[in-house]
Amino acid sequence: MKKFDQDLAALAARVMEMGTIAESMVAMASAAMSDLKSVYQKVLRVEDQLDQMQLAIDHEAVRLLTVYGPVAGDLRYVLAVSHVNAALERIGDQAVGLCHTLDSAHRQPDATVLPTLKAMGDRAGVMVKDAMLAFFKRDAKLAMWIMSEDDSLDALNDEVLKRTLSDDEKGGSGRRDLPSALTQILLARTWERIGDQATNICEEVIYVAEGTDVRHASKSKGKKTQQVG
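The notes below deal with the structure included here.

Reading the values: the criteria
- By convention here, each chain's residues receive numbers from 1 onward along its written sequence.
- The predicted origin of the model limits local features to residues at a pLDDT of at least 70 and limits the giving and counting of side-chain atom pairs to 80 or more, whereas totals for whole chains, interfaces and linings rest on all residues.
- Hydrogens and waters are ignored; side-chain quantities use all the structure's heavy atoms.
- Per the convention used, a helix needs a DSSP run of H or I reaching at least four residues, while a strand needs a run of E reaching at least two, with both numbered from the N terminus.
- Here the expected length of a helix is defined as 1.5 Å per residue gap, with one fewer gap than residues.
- Think of it in three bands: residues with accessible area under 20% of the maximum for their type are buried, residues over 50% are exposed, and the middle band is partly exposed, with areas taken using a 1.4 Å probe on protein chains only.
- The contact criterion used throughout is that any non-hydrogen atoms of two residues lie within 4.5 Å.
- Here the nonpolar core consists of buried residues drawn from Ala, Val, Leu, Ile, Met, Phe, Trp, Tyr and Cys, with membership extended through side-chain atoms lying within 4.5 Å.
- Any two rings among Phe, Tyr and Trp, with Trp reduced to its six-membered ring, count as a pair given centres within 6.5 Å; such a pair is stacked if its planes are under 30 degrees apart, edge-to-face if over 60, and tilted if neither.
- Counted as over-ring charges are cases with an Arg CZ or a Lys NZ within 6 Å of the ring centre that also lie within 35 degrees of the ring normal.

To continue, consider helix H2 (residues 40–68). A rise of 1.5 Å per residue sets the reference length of H2, with its 29 residues, at 42 Å; its end C-alpha atoms lie 42 Å apart and thus fit the reference within 8%. Those residues of H2 that sit buried are Tyr40, Val43, Val46, Glu47, Leu50, Met53, Gln54, Ile57, Glu60, Ala61 and Leu64. At its buried positions, H2 is contacted by helix H1 (3–32) and helix H3 (72–105). In the segment just after H2, Gly69 is the residue with positive phi, at about 55°.

Shown next as structure tokens:
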């Protein structure tokens, strides 16, 4: 095996390790909605590890680009690694942010978490895990399927918004517990953003596997996606 191939394989292994850590942080964030105390400090420690891995992976990606000057598929892969690396770091940030939101909520009289939020946490966790599997396998079909699942996560986010902003939340009294409602909205938004990052990873899978840039495709209103050699 050529030295470049060895280095590329090592880089891929590091990205998958980082993905495993990000997945664990999402799982901890989901568990925090039921028992924040047991995971709060742990998720903060893991975030430091994730941040250090991001720096190391970016440094190695730049080194491979500089030393070897890869082309075509190899170039796409190294560039995709850098983007996936950033998405994983943001997933970690969102997991920590969710725990911070829960910590603030626990100072309120009513810190109940809606069941829909637990469903969102489960779905977002599966999306992140499957997105990393698709990246490992360079499976564009799996990536596209995961991207379609983001619609259901968005629908759950809308459901939380409608419920928390409805006057019926307090039995039709017209009174709203605004701090609690805001907490629910922030939690839902965080899970939705984690799903968005999983989608971003899937876009990189398609870029690597097919040479097609599908970023912002939903905004292009029928325009052709850009083919990359």
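Grouped together as the largest cluster of nonpolar side chains are 67 residues, with contacts concentrated most on Leu88, Leu117, Phe135, Trp191 and Ile201. Counting only elements with at least two residues in this core, the list comes to H1, H2, H3, helix H4 (115–137), helix H5 (140–164) and helix H6 (178–210). Dropping the residues within four chain positions of it, Leu88 is found in contact with Val15, Met18, Gly19, Ala22, Leu50, Met132 and Ile201.

Per the counting criterion, the structure on display carries two aromatic pairs. Here the basic side chain of Arg138 rests over the ring of Tyr77, its NZ or CZ set 4.1 Å away from the ring centre.

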